[in-house]
Each structure stands twice: as structure tokens, then as C-alpha cells.
Amino acid sequence: MTAGDNSSQNSFVLLRIGAQRFALPAALVAELAPPVKLHRFPHTSSSVSGVIIRRRRILPVYDAGSLLLGKGVAAQQIYLVARCAGAQKELSAIPVNGECEMATGEVQPPDGDRPSYVKGTLRIGEECVDILDLAILIASGPSTGAGADHTEARP
Amino acid sequence: MSAAPRSGEQTARRGKPEAIILFWVSRQMFAIAAESVQEIRSTDSLGGAANEIDQQAVPKVHHVLEWGRRTCYVVNAGAHFGLPVTRPTLVLILRGMRVAVLVDRIDRMMEIPAVYPLPQAFAGEERRWYRGLTYVDDSVIPVVAPSGFLSPEELAELDRAIKPLAPQHEMEGAAQA
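Residues numbered from 1 in each chain as written. Chains lettered and ligands numbered in written order. Predicted model: local features only at pLDDT ≥ 70, side-chain atom pairs only at ≥ 80, totals over all residues.

Chemist: Explain the overall build of chain A to me, please; I cannot follow it from the model alone.
Modeler: The secondary structure content of chain A amounts to three helices and eleven strands. Going residue by residue from the N terminus, the α and β elements of chain A occur as α-β-β-β-β-β-α-β-β-β-β-β-β-α. Going through the 155 residues of chain A one by one, you find that 37% of them count as buried. Put simply, 52% of the contacts in chain A that link residues at least 6 apart link residues at least 24 apart. (Helix = DSSP H or I, 4+ residues; strand = E, 2+ residues; numbered from the N terminus. Buried ≥ 20, exposed ≤ 12 C-beta atoms within 10 Å, placed from the backbone. Contact = placed C-beta atoms within 7 Å.)

Dropping the structure here:
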């Protein structure tokens, strides 16, 4: 492994969803996209809120607020586009509030009581930020606090 | 954002340019391949061709339509897609299938360049409902799969439900003769 490899593995994008900060490995992030139109149509996939068109691709948009916090999050400003759909490696988008930054830091294993989608903790100064495994997060579905009926179609 | 995805950039295009009919159900626009629609009729014009059927197994179907030599089950598209109930005014009689679909109104017919695959993130019933997505007037529109309105199991349930009616119809026919 080269020094470059090591550096890219420890590079993260910090994003804010609701009031919380999370980290994603920078290697998975394709871009931060402006707040383009969200297209909705009926479906039953409770973690998906619709699709956006970005760079001539149709990208699914995951409802990150419901997935992480158990509720929809208002006033998200931009979309973070990343490879996050597990085996499909499909580019997908999650709405974030615009306060994104790059960071490197010491990675520690997650505490035992953390959800399965937290694959580690990034220590930045005094702050500890959960590192997300988006594939596991998406597969786990909306947080139990969402109170949503997952079987209802979503227009 | 002004253009639909181009060939080869997203995932592969499915098929080639095709004519579609855009229709509305409960403030949601859908598309269906024009070639899969045999006829569009006003619900008022169906008259005695439609008969109510009493069954609970497939709640989105309340009527059966005798059309030509076929018996078509009439699917309420709003109920099928889980949309709020409306008062449909048109029925799409699908070609070569035992299915007719109640919709609110037709928007127009047009040609689209492609149908794009539904992203894998959509993993529920919508994979049966839709052939894919298309892009019309700055909107992404789901392209419905005609075969998705009634599964083989649902058709079998409905066939079982209307069977008891058959002898009655035959008797009525005999009485009229």
C-alpha cells in the first residue's frame, strides 16, 4: 500500500443531516450537486424519496433524515452523490444541508452500542463523528423512530 | 437541467423511440406504450358491458367488462398505485390482455426517445408496476408495465370469484334466446 492509498482511505467528507454530522469515505463520493428538482412518483420503497437528474443520469434520492434520524429533515440544500447501493454500486443521492467539508483524522472502531451502519468513528480534534456505511444504512431501512407506514405507496 | 439522459451514459437504453400515451391518475402523470392500449372509452359509454363483481381478494377490481369476446377485469389505477381515490372518467382497454384500467384523464400521445431502467434503489412492488422511467417536459414519468396491473395470482383469484356468476349469465342468455 502506498502513502497515497493510505491518505485516500483516511479522507472523509463530513456532512450534516439535521443537526448531526456524519462522515463518508471520500472515495465513495462522486460530487456535491445543487438542489435540482426532486421528481416523485408512486412507489413502495420507503427509504427512497424520489429521483433527480444529474449529469444525464437518473439517480435515486434516499431519505437520509428518515434513515438516520427517524424523521424527515427540512431545508436540506444540496445533494451528495455517492456510490452507496451495495452490490449494485449504483450512484445515489442523499440530501444534505450544504455544510460539507473534507477531513482526515484518526479512525477508531465503533462502540459496541452503535448501529450497524456506523462502521467507525472519526476523531477530529475533540469531536467524534460517525463514519457511515451507506449500503448497510440503506439496507436497514428507515429508523424505527420514523413512524411511517412502510407498506404505503409514496406519491 | 434541460435534457434527458443520453444513450450509453446512464444505463443502457431499453428499446428504441416509441409512442406513448400520457395519462393522469390523482394528480400523478404516468405513461403507457400506445401499442399496448387497444381502446380508450369513457366510463359513461360502457353501459351494460360492465358488471359489478363482489369479491375482496383483489380490492382494486370492482367490475368486469365484457368486451368483444374477452372478459376484462377493470383495475382502478388509483388503488393500484396507492394514490388517493378519485373519480375516473376513462377506461383504457389493454391490448391482448384481460385487463382494463380506470384513469382520470388522458394528457396526450407523443413519442419518447427511450425508456430508462428503474434504479435498483426501487426494490418494492414498483418493479412490477413500471417498465422504467422517461423524461417529459422537465418531469420524470414512470412508464407502466401493462402486465403489472394484475399478477397471474390475482387473475386466478378473480377468475374464481366470477365463476359462480357464469351459470347465471348462461341462464339469462338462454332466457333471452
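Chemist: Just checking my understanding: could you explain the pairing of strand β6 (residues 70-76) of chain B for this structure?
Modeler: Put simply, side chains in a regular strand alternate between the two faces of the sheet. Residue and element names in this part refer to chain B. Of all seven residues making up β6, five are buried, and the element is well covered by its neighbours. Direction of pairing for strand β5 (residues 61-67) relative to β6: antiparallel, over a ladder of six bridges. Looking at the pairing, L65 lines up with C72 of β6. Where β6 meets strand β8 (residues 99-103), four bridges bridge the pair, whose relative direction is parallel. Across the sheet, residue Y73 finds its bridge partner in β8, namely V99. (Pairing = 2+ DSSP bridges.)

Chemist: Explain the environment of L90 of chain B here, please?
Modeler: All names here are of chain B. As for its position among the elements, L90 is in strand β7 (residues 90-94). Judged by C-beta crowding, with 18 C-beta atoms within 10 Å, L90 ranks as partly exposed. For the pair formed by L90 and L46, sequence separation is 44 residues and the distance between their alpha carbons is 9.9 Å. Sequence-distant contacts of L90, defined by excluding residues within four places in its chain, comprise I40, R41, S42, T43, V103, R105 and I106.

Chemist: Looking at this structure, I do not really get the nonpolar core. What am I missing?
Modeler: Taken as a class, soluble globular proteins show a tendency for nonpolar side chains to be buried jointly. With 80 residues, the main nonpolar core has V74, V75, A100 and V101 of chain B as its most contacted residues. When sequence neighbours within four positions are dropped, the list of residues in contact with A100 of chain B reads L65, C72, V74, V91, L92, I93 and L94 of chain B. (Core = buried A, V, L, I, M, F, W, Y, C linked by C-beta atoms within 7 Å.)

Chemist: How do you make sense of unusual backbone geometry when you look at a structure like this?
Modeler: Of all residues except glycine, most have a negative phi; of all peptide bonds, most are trans. If you check the backbone angles, R55 of chain A has positive phi at about 50 degrees while not being a glycine. The phi angle at R27 of chain B is positive, at roughly 65 degrees, despite the residue not being glycine. Position of R27 of chain B among the secondary structure elements: in the loop between β1 (18-25) and β2 (28-33). A count of 10 C-beta atoms within 10 Å places R27 of chain B in the exposed class.

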